[in-house]
Structure formats: C-alpha cells, structure tokens
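Next come the chains, spelled out residue by residue.
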Amino acid sequence: MLAVFWRDIVLAVLPTAEVAEGAGEQAIAAAQERLGQTFPEDLAGLLRETDGVRGESGLDVVWPVERIVRDNLEFRTFPDFKDLYAPFGDLLFFGDNGGGDQFAYRPGDPAGAILVWEHESDERRPVATNLADYLTRILISEGDTWYDGSR
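Scope of this entry: the structure provided in the associated data block.

Across its full length, the chain holds six helices and seven strands. When the helices and strands of the chain are listed from N to C terminus, the series reads α-β-α-α-β-β-α-α-β-β-β-β-α. By the compact-globule yardstick of 15 Å for 151 residues, the chain fits well, its C-alpha radius of gyration being 15 Å. With the C-alpha coordinates aligned to their principal axes, the bounding extent of the chain is approximately 40 × 35 × 30 Å. Each of the 151 residues in the chain was classed as buried or not, and the buried ones make up 44%. Taking the contacts inside the chain whose residues are at least 6 apart along the sequence as the reference set, 52% of them involve residues at least 24 apart. When the accessible surface of the chain is totalled, it reaches about 7900 Å², and 53% of it is carbon and sulfur. With 13 positive and 28 negative side-chain charges, the chain shows a spacing of 3 Å between the two charge centroids.

In structure tokens, the structure reads:
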C-alpha cells in the first residue's frame with residue numbers, strides 16, 4: 001500500500017499554502033460522533049496531518065475539524081434552510097470557494113467523489129474524483145469557480 005502524505009501533496013501543488021498542525025485522533029473521533037458520520041479515510045488522514053488547509057488569499061480549501069462540525073450542524077439545523085434547500089444530512093461539508101459554494105463528500109459513497117453545493121441553485125454535483133484531485137484543482141486555480149467547467 002502506498003502511503004499518502006497530504007502535507008506534501010498540498011505544498012507540492014501550492015508552496016505558499018497554509019497548513020496547520022494536525023488534529024488529534026480524539027478530536028476527529030469526537031467530530032464524527034457529533035455529526036453522526038464517519039469521515040472518509042482520506043479526509044481523516046489529511047486532518048491528522050494538518051487541521052485545515054488555506055490556499056491563495058486565505059481560501060478555506062479544507063476547514064479545521066472544529067469548523068467542519070460547526071458548519072455541518074448549522075446547515076442541518078438552521079430553520080430557514082429547510083424552506084430554501086434540499087436536506088443536507090447526506091453531505092459532509094469540509095471546504096468552500098470563498099463565495100458561498102461549499103465542497104462536500106457524500107459519506108458512504110464508495111467512489112469518494114467530491115461534490116460542490118452551489119448555494120444559489122442548490123445544485124449538488126461531482127467536481128473531483130477524490131480528495132487529491134480536489135486539492136490539485138482548487139490549489140492551482142486562480143478563481144473561485146474552477147469547477148464551472150466540470151459539468
């Protein structure tokens with residue numbers, strides 16, 4: 001089995017990316033328990049190495065564990081969202097484009113594809129085949145809509 005070092009991938013693609021110290025195993029386990037979802041192994045592995053990744057201009061490419069919990073709980077429980085959007089319980093948000101669109105996994109999806117949730121249309125569609133593909137695409141992009149051509 002090939003070992004993946006997420007920090008190395010991030011910094012190889014964007015040497016100026018900000019990477020934090022890794023999240024502890026207990027923090028990841030507590031987050032999964034609070035959300036009632038197991039994190040995909042690649043996301044959990046990245047969080048163990050770096051508790052969040054920031055790209056150009058402070059773009060929140062991968063949120064810290066604390067924000068993953070906070071934002072997912074908010075999306076699932078905010079009363080106004082029930083009238084505006086389809087339910088969010090089947091998604092696990094972990095990053096955003098800085099303009100309102102969010103990136104997510106659909107836990108339990110064996111493909112491990114990364115989806116974008118477009119906040120203006122409530123569209124949810126795949127934009128990357130996996131976490132490494134997502135990191136590469138978002139970190140080399142020069143805008144917040146790199147995924148527009150993925151339709």
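All right, on to the sheet that holds strand β5 (residues 102-105) then. Spatial ordering of the open sheet is given by β4-β5-β6-β7, a layout of four strands whose pairing is antiparallel. Looking at which strands have only one partner, the edges of the open sheet turn out to be β4 (92-96) and β7 (123-128). Taken over all neighbouring pairs, the strand axes of this sheet differ in orientation by 35° on average, direction set aside. As defined by bridge partners, β4 adjoins β5 across four bridges and the pair is classed as antiparallel. When the bridges of β5 are listed, Phe93 appears paired with Ala104. Contacting β4, β5 and β6 (114-118), helix α4 (residues 65-77) crosses the sheet at an angle of about 115° to β4.

Thresholds applied
- Residues numbered from 1 in each chain as written.
- Predicted model: local features only at pLDDT ≥ 70, side-chain atom pairs only at ≥ 80, totals over all residues.
- Heavy atoms only, no water.
- Helix = DSSP H or I, 4+ residues; strand = E, 2+ residues; numbered from the N terminus.
- Rg over C-alpha atoms; globule rule 2.2 N^0.38 Å.
- Buried < 20%, exposed > 50% of the residue type's maximum accessible area, 1.4 Å probe, protein only.
- Contact = heavy atoms within 4.5 Å.
- Areas by Shrake-Rupley, 256 points an atom, 1.4 Å probe, with all protein chains shown as cover.
- Lys, Arg positive; Asp, Glu negative; His and termini not counted.
- Charge placed at Lys NZ, Arg CZ, Asp CG, Glu CD.
- Pairing = 2+ DSSP bridges.
- Axes fitted to C-alpha atoms, helices over the stretch in contact; angles between N-to-C directions.

The quantities given are spatial measurements derived from coordinates; they are silent on function.
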